[in-house]
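# Fold and geometry: a report
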Amino acid sequence: MDLLERIDNLQVQDPQPTTPYKLRKIKLTNQIAILCAGLAAPYFVIFGAFKLHIAQALVIPTVAIYLASLLFNRFKRHDASKLSIIIGTSIVLLVYANLLGEKVGAQLLLFALLPIPLLLFEADDRVQIATGMLTPLICSFALEFSHFSLFGLREYLAAPTEYVIHNFAILTTFLLIGLSALVNFIENKKYEKLLETKNLELNDNIEVLQQAYKEVKVKRSMDQELEAAREIQIGIVPDRAPAAQNFQLNHWFLPAKQVGGDYFDYLVFSQNRIGIIIADIVGKGIPGSLMMLALRNSLHTFIDKNDSPAKALEKLNPIIYHHRTIQKYVPMCYGILDIKKQTFTYANGGHEPGLLLTKDGGITELSTGGCCVGMYERAEFEEEEIALSPGDRVVLLTDGLTDIKDKNGHLFGIEGLKALFQ
């Protein structure tokens, strides 16, 4: 996968995503509500068996409280879901306490405290926690020791009935504690595994971002280097061709990338003699630009106006071979335009051959024998002189033109270039 695609995959699509921690809170609250509803249902049977009709009727709103908690969670109202369990259970059991008497009522009110510890792990509001815990506790002590009755209305409980309900409340209490602890333990294990998975994903994402940062730094450095190399190259090659009586000199220079390895130059020796050189530097970036600059300095330093093209390449050959900056051989074509004689004399040192286009439509390759300049310490080069007539054209080029490929992958080549000129 491409690095940018991997980074895009790290983007969070939901502006307010539900975190694993919040999902865990919602799930635990739902499970507590279901447990409480399930354990409240048997009281409906017991109260009916002892004909405690008012207490039996209150089981339905009690279960409704837990169902409301589930509904609140369904609509992402977790705080309301939590409060409905804590406060709703306290209020309902306070009513039970006033109906069934002080002893049983106090025991039942302690039942309301059981969901609260299960919610403490995710509650952030201390006032809310204190209120939920203290309300049923205070009411329980008030009933147990002061015989306080909110409504003054109680159903009569015989001793056996009180014994059964009291003990069933204790049994339900311990059963709720055990089941809730088991649910909490299972969910904690699941949550730990989920956190471990998320941490691994986070570490992977961090590695992706770190790699992206490194690549961005490298690319930025390379862009700066390429920009500096491009400025060097632009400063090396001539921006305009020299004037030549009865001749028109033109050039077209377009690097395939930000920095190319091609080089060309004009050496104006006199009004009648102009040297034209084209070369292909094997190198890119700053090193390639420095080699191009070194080649230019060597050309302007060591090529004399009286040197023939072959003599000039033979003179340059050992210089390039031993040059510390120009570390590789250089394919090169060097020619001299004699305006007075109307001739072009050239020597090709392993470079792409030029073309002579005559006014009658003929095309001749300008290729002479010779290896690349600087390939060997000693080398000899051939030269050829061609006479130019009005309407003739001489084209010197690099392989950047002949190496062009069409949509089918076929090379343009020298033959394609000939066909184009024809």
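Above: the structure in question.
Residues numbered from 1 in each chain as written. Predicted model: local features only at pLDDT ≥ 70, side-chain atom pairs only at ≥ 80, totals over all residues. Heavy atoms only, no water.

Along the chain, the regular secondary structure elements total 12 helices and 8 strands. Considering only contacts in the chain between residues 6 or more positions apart, those separated by 24 or more positions represent 69%. For the chain, the computed accessible surface area is about 24,800 Å², with 58% contributed by carbon and sulfur atoms. (Helix = DSSP H or I, 4+ residues; strand = E, 2+ residues; numbered from the N terminus. Contact = heavy atoms within 4.5 Å. Areas by Shrake-Rupley, 256 points an atom, 1.4 Å probe, with all protein chains shown as cover.)

Turning to the sheet that holds strand S1 (residues 262–268), a few remarks are in order. If you walk across this open sheet you meet the 5 strands as S1-S2-S3-S4-S7, and the pairing is antiparallel. Each edge of the open sheet carries a strand with a single partner, namely S1 and strand S7 (384–387). Between one strand and the next, the sheet's axes are offset by a mean angle of 20°, whatever the strand orientation. As defined by bridge partners, strand S2 (residues 273–280) adjoins strand S3 (residues 332–338) across 7 bridges and the pair is classed as antiparallel. When the sheet's bridge partners are listed, Ile277 is paired in S3 with Tyr334. Most of the contacts of helix H10 (residues 309–322) go to S3, to which it runs at about 145°, and overall it touches S3 and strand S4 (343–349). (Pairing = 2+ DSSP bridges. Axes fitted to C-alpha atoms, helices over the stretch in contact; angles between N-to-C directions.)

Another point: the environment of Gly38. Looking at the element boundaries, Gly38 is found in helix H2 (residues 20–49). Residue Gly38 is classed as partly exposed on the basis of its relative accessible area of 43%. For the pair Gly38 and Tyr66, spaced 28 residues apart in sequence, the C-alpha separation works out to 9.6 Å. (Buried < 20%, exposed > 50% of the residue type's maximum accessible area, 1.4 Å probe, protein only.)

Pairing between side chains of opposite charge can happen when their charged atoms approach one another. Inspection of the entire model under this criterion finds 3 salt bridges. As a salt-bridge pair, Lys418 and Glu365 come within 2.9 Å of each other at their nearest N and O atoms. With Lys418 in helix H12 (residues 413–421) and Glu365 in strand S6 (residues 363–366), this residue pair connects regions lying 53 residues apart in the sequence. Among the residues examined, Lys418 registers a relative accessible area of 16% and is labelled buried. Relative accessible area serves as the criterion here: at 31%, Glu365 is assigned to the partly exposed category. When the shortest N-O distance is used, the salt bridge between Lys418 and Glu415 registers 3.7 Å. Of this pair, Lys418 and Glu415 both sit in helix H12, 3 residues apart, which is roughly one turn of that helix. With relative accessibility at 51%, the residue Glu415 sits in the exposed group. Taken together, the shared-partner salt bridges connect Glu365, Glu415 and Lys418 into one network. (Salt bridge = Lys/Arg side-chain N within 4 Å of Asp/Glu carboxyl O.)

Residues Phe44, Val45 and Ile60 make up a contiguous nonpolar surface patch of about 290 Å² in total accessible area. Within the secondary structure, Val45 sits in helix H2. For Val45, a relative accessible area of 58% puts it in the exposed group. (Patch = residues over 30% accessible without salt bridge, like charges linked within 9 Å, V, L, I, M, F, W, Y side chains within 5 Å.)

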